[in-house]
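Fold and contact review
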Amino acid sequence: MTTSEAVQAVEAVRPATSGWPQEKVAREIRPAPDRYRNAIGKYQVDRSAACASCGRCVEACVYGVHTKPAGYAFTLRPLDHLCIGPECAETAASCVSQCPRQALTVRPNPSAECMGDARWSSDLILSTWHQASTGRPAPPHLESRLGASGGGFDNLRFKFEVAGFEDQFPIAAAGAATADIDTGLDLNHRGDGRPQVHIDIPVYGGGMSFGSVSIHTILGKARAAVAWNSFSCTGEGGYPDRLKPYDDHMITQVATGLFGVREDTIQRVRIVEFKYAQGAKPGLGGHLLGDKNTPAVARMREAVAGNALFSPFPFHSVYSVEDHKKHVDWIKEVNRNCLVSVKVSTPTDVDMVAVGSYYAGAHIIHLDGSYGGTGAAPDIAKKNIAMPIEYAIPKVHKFLSAEGIRDKVTLIVSGGIRTAYDALKAIALGADGVVVGTVEMVALGCVRCACCESGRGCPRGIASTDPELSMLMSLEWATQRLINLNNAWREQMVDALARLGMKSIRELRGRSDVLCCLADEPVSAGEVSQ
Amino acid sequence: MPDRYHIHTVPMPPLFQRVGKFGNVDWREDCSRCSNCVKLRCLYDVYRQESAYNRDPMTPLEPLDGCKACLSCVQGCTKGLLNVSVNPEFLDMGDDYWKPDILLTTWNQADTGRIPVSGAGYRGRFHGPGFDSIWTDMSEIVRPTRDGIHGREYISTSVDIGPKPLRLKFTADGKMLTPPSRLLEIQIPVILDMPAWQAQGAHLAGARIAAAKQLKTLAVAGAGDAVQALPKQLPFVMPLLATDDIGNSRDILESARMAEVRDGPDVLDLAATLNSINPRLLVAVRMPLSPAAADRVVELNRAGLKVFHLCADLHGREILDGGKRGRHIKDSLREVHGRLVKEGLRDEITLIVSGGIALAEHMAKAIICGADLVAVDTALLVALGCRVCRDAHPTGAESQDKCGSAESCPAETDAVDRGYAAQRIVNLMGAWHSQLIEVLGAMGIREVRRLRGEVGRAIFMEDIEKEAFGDLCRVPRSQVRA
């Protein structure tokens, strides 16, 4: 399905109940550079007082690090975020070797090193910023596929990335017509007469509630979803009026606190999501601090301002899979055109939960693994409770296949999908598509300082409702960064599918034979050639 | 419903300036002294608050221990002069097990008594050795502990220590023949143990005892330290006694509920002597966790001893002959537990495990691996500001003397006030208790007694890795391009 066909399909299934004029957002890739005065790069270029502003560095650097506008007597401060580092510095054409006064030095940027952690290495953050800034995959000097966590997705590789398998996946194949490669996904496989919902990329945005992130973050996510014919999610906490122009690309969440859930909000959208649990705090429910329950938040949640709000775990009205079916039926009755997604966490019996959800009538099963999450959560829960998504995907995929229902349900996964390659690996392990959260925050400038909840909230103005902080970012910029990120991801997906000789992302689902797992111990020849 | 157990925490600010993770700010030349300086706009006001600590205002390095590394100043400075870097002093703390992040989170919990909470998802490695290769389960829909976390339903963390009769015997006319049980119930599955390597200051033992009373648990103390306990504290003291100590410890033994003796040839005689002084006294045998532990526990159980304290090393490893490092608690304790289950002895015996219990999650995971309760040692010193200095790890007399002293210990644990230390220990245990309830609540378990040996409600990395990735082609790491 081409993009224009997909747009027509969207028009055809637009729910009559919404009736609100829907805004269109162009899928245009435009530069959206860092919103701070000094962009951070992997390397830092220092210019000493010995510089004579001769301009040789400007001529030498092909990456635009050095600039000297016409009429300027001095060379400007280096744009060191554009520098590719030692790879260039070792060549004769580098600014360092060309400088007649030895005034230039290149070194790793200590500030960039402060951003990293094992899951989200400094390189991953910088490469995500590059993708959000340019709309293109990151340059080779930034690692954009893997973190440094030493396990899970970081321990998996596609065979075409591994020496010894090149014959099976020739690079020449990547040159095949990539324009024909389809990354779209249908979400309704039940054949129950409800409308088909198609998304153009196998990725949509995770739930972030009104109150937990700034309004520009919410709207930016929604607008990028419109541009890419995908979805964003309201999270628990109501459906702000400003999201009405994007109804067709919003998922509204019915979570355990039922905050802000009304018939109207359910009837407005094409997908309704039941949230049983979330990966960052599985089995624990949510807690909105009294300070964050501002009058606007309280009005949306139909609660009293200033009171702490508990979102219990689990649904108080669900004690069994039969109760669960009752709830799914309730949603389907209220909105006869919507699809129902069920978001669950990853316990040891996640496979049984998935099967139960299918038989209860869910169109989409959304697994949220334990290492993800964007909001505040107890550290003990984030690290220790429930299994990482990498393990849950094959478990559920195989179980659904054995049950004979794999093709009747859409399996969407989230919780630690950081890169396009993570998404591809998740799909190869058995998912249909992925939901992302943290990567969108990083694209908007998050440095993962983990201060989302303290004081006035996010110091970068992404996850804060503070009037001053939330104005650090404009809506246009936020939208463009996310549109760009999706494009960069799609390009990488198309490239990888071309290497694998596939025409559609749907062909990749469950093809774990194109993956390999790294082993520390020596592996016998027989195992390698399996 | 029983009275709710509650740990009363009180904020106890640290006595010394904290070693921060980030924040050595260096300036490049050219500051224009603009009026819009990012130092004034720091969201956390770190520059102003910490100016008093800056040793030299002219230095190009400005240590900012409270910096969160949000990088707003670095990116906002009009001339791009600022850099923040990771603090090397922070990275230098602790060792490969007691990592700087563990020290920092322990300090924060001892400061406030609150659960560590942060945003932006998990940040650590995917898995690691020992406890880091276990995930606890959660219950998705059906569960008995609805709202346990938020206080509307009670989750019990109390455990029983002592012999439990598996069946009751009666005479033909209904009179019970089984002697009454001597179970000792404590309210958290933790006892406060002596740090493994430090020479024991009497005031630290006093702090542990005071904290144990407040926490309604037990504190291990040497015979010399136990003497100082007030009469009302004696039920919360667990003296560690040798044969020579008994003469001076009669008063303590009459009031104490439990005592500990080291394993050795005379352990049975010693236990019998203690019980002759106080027949209700529970006697635990303190022994190294080693491959021979299971055999020894079974042997001593036959001789009538029912409580065993298995001590791993500082890093949670078995203690082997010749100082070699053995298996982690996770593996060796499961072996001991499994052996006792197989022999039908498990419910008669109480297993206490210690060594390497550094975080609240270790407590839960050790219990899942088969312990009834844990003993915390090094973490209590860390709560007082200890950095687990590398130089002090050898157990030689010289390093023991220096450890904690004002001349060598940045936290000066030797001089810390007893009441202050006790409250910080209480705060740490309060935070651990809350975290244990989080884990139990997520699993849908109403009491920690039922967590013991519940390996079916845990996910072990070795098993799940095989299940999930076992059918994938495996290649050596060296075959992959860097």
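Residues numbered from 1 in each chain as written. Chains lettered and ligands numbered in written order. Predicted model: local features only at pLDDT ≥ 70, side-chain atom pairs only at ≥ 80, totals over all residues.

**Brief notes about the overall build of chain A**
Our working rule: The way it works is that DSSP assigns letters per residue, a run of H or I at least four long becomes a helix, a run of E at least two long becomes a strand, and they are numbered from the N terminus. Using C-alpha atoms as the atom set, the radius of gyration is obtained and then compared with a globule rule of 2.2 Å times the number of residues to the power 0.38. Note on burial: count the other C-beta atoms lying within 10 Å of the residue's C-beta; 20 or more is buried, 12 or fewer is exposed, in between is partly exposed, and C-beta positions come from the backbone.
A count of helical and extended segments in chain A gives 18 helices and 17 strands. Taken over C-alpha atoms, the radius of gyration comes to 24 Å for chain A, in line with the 24 Å a tight globule of 530 residues would show. C-alpha extents for chain A along the principal axes are approximately 80 × 65 × 45 Å. With 530 residues in all, chain A has 57% of them scored as buried.

**Notes on unusual backbone geometry**
Residues and elements named next belong to chain B. Even without being a glycine, A69 presents a positive backbone phi close to 60°. Along the chain, A69 falls in the loop between β2 (61-63) and α3 (72-76). Classification of A69 by C-beta neighbours within 10 Å gives buried; the count is 24. Non-glycine residue A120 carries a positive phi angle of around 70°. Taking the number of C-beta atoms within 10 Å as the measure of exposure, A120 has 30 and is therefore buried.

**Points about the interface of chain B and chain A**
It is common to give the size of an interface as the accessible area that goes away when the parts come together. As a reminder of what qualifies: Two residues qualify as a contact pair if the distance between their C-beta atoms, derived from the backbone, is within 7 Å. Residue polarity follows a fixed list, in which Ala, Val, Leu, Ile, Met, Phe, Trp, Tyr, Cys and Pro are nonpolar, Asp, Glu, Lys and Arg are charged, and the others, Gly among them, are polar.
Taken together, the contact pairs 66 residues of chain B with 89 residues of chain A. Secondary structure elements with two or more residues in the side of chain B that touches chain A: α3, β3 (82-86), β4 (117-118), β5 (134-136), α12 (360-368), α15 (418-443), α16 (461-469) and β19 (473-476) of chain B. Counting residues per element, the side of chain B that touches chain A draws most heavily on α15 of chain B, which supplies five residues. Tallied by class, residues from the side of chain B that touches chain A come to 33 nonpolar, 19 polar and 14 charged.

**Topic: helix α13 (residues 389-403) of chain A**
As a reminder, the rule being used: Given the number of residues in a helix, its expected span is that number minus one, multiplied by 1.5 Å.
Taking 1.5 Å of rise per residue, 15 residues should cover 21 Å, and α13 of chain A covers 21 Å from first to last C-alpha, within 8% of that figure. Of the surrounding secondary structure, the elements contacted by the buried residues of α13 of chain A are α11 (350-360), β13 (364-368), β15 (410-414) and α14 (420-429) of chain A together with α16 of chain B. Directly after α13 of chain A, the chain includes G404 of chain A, whose backbone phi takes a positive value near 80°.

**Things to note about the sheet that holds strand β16 (residues 433-436) of chain A**
All names here are of chain A. We apply this condition: Any two strands with at least two DSSP-identified bridges between them are counted as paired. Comment: axis = line fitted to C-alpha atoms, over the contacting stretch for helices; angle = value between 0 and 180 degrees taken between N-to-C directions.
The eight strands lie next to each other as β6-β16-β15-β13-β12-β9-β8-β7, forming an open sheet whose pairing is parallel. Unpaired on one side and paired on the other, β6 (203-205) and β7 (232-233) mark the two borders of the sheet. Pairing geometry for β6 and β16, over three bridges, is parallel. Each bridged residue has a counterpart across the sheet, and for Y204 the counterpart in β16 is V435. Packing of helix α10 (residues 321-334) onto the sheet brings it into contact with β8 (250-255), β9 (271-275) and β12 (339-344), and relative to β12 it is tilted by some 145°. Running over the sheet, α11 touches β12 and β13 and is turned about 155° from β13.

**Considerations on the environment of A420 of chain A**
All names here are of chain A. Mapped onto the elements, A420 comes out in helix α14. The class of A420 is buried, set by 27 C-beta atoms lying within 10 Å. Linking A420 and V203, residues 217 residues apart in sequence, is a C-alpha distance of 9.6 Å. Excluding residues within four positions of it along the chain, A420 makes contact with W489, Q492 and M493.

**Structural notes on the domain arrangement of chain B**
This is how it is decided: A domain assignment, automatic or from a database, supplies the domain bounds used here.
Along its sequence, chain B is carved into domain 1 (22-91) and domain 2 (159-463). Between domain 1 of chain B and domain 2 of chain B, the C-alpha centre-to-centre distance is 45 Å.

**As for the sheet that holds strand β17 (residues 515-519) of chain A**
Strand pairing within a sheet occurs via backbone hydrogen bonds; the two strands may be parallel or antiparallel. Strand order across the open sheet formed by three strands is β3(A)-β17(A)-β19(B), with mixed pairing between neighbours. In the strand order of this sheet, the two ends are held by β3 (156-158) of chain A together with β19 of chain B, each with one partner. Neighbour to neighbour, the strand axes of the sheet diverge by 40° on average, direction disregarded. Sheet topology note: the β17 of chain A/β19 of chain B ladder contains four bridges and is parallel. Opposite L518 of chain A, over in β19 of chain B, you have V475 of chain B as the bridge partner.

**Observations concerning the packing of helix α7 (residues 215-227) of chain A against helix α16 (residues 475-499) of chain A**
Residue and element names in this part refer to chain A. Stated formally: Roughly parallel refers to an angle under 35 degrees, roughly antiparallel to one over 145, roughly perpendicular to one between 65 and 115, and oblique to any angle outside these ranges. Each crossing gets its handedness from the near helix: less than a right angle anticlockwise from the far helix is left-handed, clockwise is right-handed.
Across the interface, α7 lies against α16 with an axial gap of 8 Å and an inter-helix angle of 45°. Our classification of the angle between α7 and α16 gives oblique. Read as a crossing pair, α7 and α16 show a hand that is right-handed. Residues H216, T217, L219, G220, K221, R223, A224 and A227 of α7 lie in contact with α16, whose contacting residues are L475, A478, T479, L482, I483 and N486. Class assignment of the residues belonging to the contact of α7 with α16 gives a composition of seven nonpolar, five polar and two charged.

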